[in-house]
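Examining the three-dimensional arrangement
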Amino acid sequence: QVHVVESGGGLVQAGGSLRLSCVASGSIFNIIAMGWYRQAPGKQRELVAQITSEQTTNYAASVEDRFTIHRENGLNTVHLEMNSLEPEDTAVYYCHVMAQVTPTRAPRQYWGQGTQVTVSA
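Quick summary incoming for the structure in this document.

Cut-offs applied
Residues numbered from 1 in each chain as written. Predicted model: local features only at pLDDT ≥ 70, side-chain atom pairs only at ≥ 80, totals over all residues. Heavy atoms only, no water. Salt bridge = Lys/Arg side-chain N within 4 Å of Asp/Glu carboxyl O. Helix = DSSP H or I, 4+ residues; strand = E, 2+ residues; numbered from the N terminus. Buried < 20%, exposed > 50% of the residue type's maximum accessible area, 1.4 Å probe, protein only.

1. Notes on the pattern of salt bridges
According to the stated counting rule, one finds 5 salt bridges in the structure shown. When the shortest N-O distance is used, the salt bridge between Glu81 and Arg19 registers 2.7 Å. With Glu81 in strand β8 (residues 77–82) and Arg19 in strand β3 (residues 18–26), this pair connects stretches of sequence that are 62 residues apart. Taking relative accessible area as the criterion, Glu81 reaches 24% and is therefore assigned partly exposed. Here Glu86 and Arg66 are joined by a salt bridge, their closest N and O atoms 3.9 Å apart. Of this pair, Glu86 sits in the loop between β8 and β9 (91–100) while Arg66 is found in the loop between β6 (57–59) and β7 (67–72), placing the two residues 20 residues apart along the sequence. Given a relative accessible area of 33%, Glu86 falls into the partly exposed group. Taking relative accessible area as the criterion, Arg66 reaches 12% and is therefore assigned buried.

So, in structure tokens, the structure goes:
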């Protein structure tokens, strides 16, 4: 089983910064990618940023000049540095992990419980 735990959400004024962290633990053979999705009220969950085991990154167009994702491979930890936050960034942010638990099993998705980020105008 893989456990995914997020931390670092909160309330911030527009223009401010927050740092989200996510740790994956448990019976992990290989992590293929880690990332962050978000879901605002009344909207679908969307990809914010992702980083692969080869350190390849992918960002949503709305955040790519403001957010940075980086990963500590040895610790199965990923951080999302969010700068110049806007009220439109308000959402629940979910950590997403694509991992194998054994060499022969197909990769599966694992999700954290989510952390609230609120940006006031």
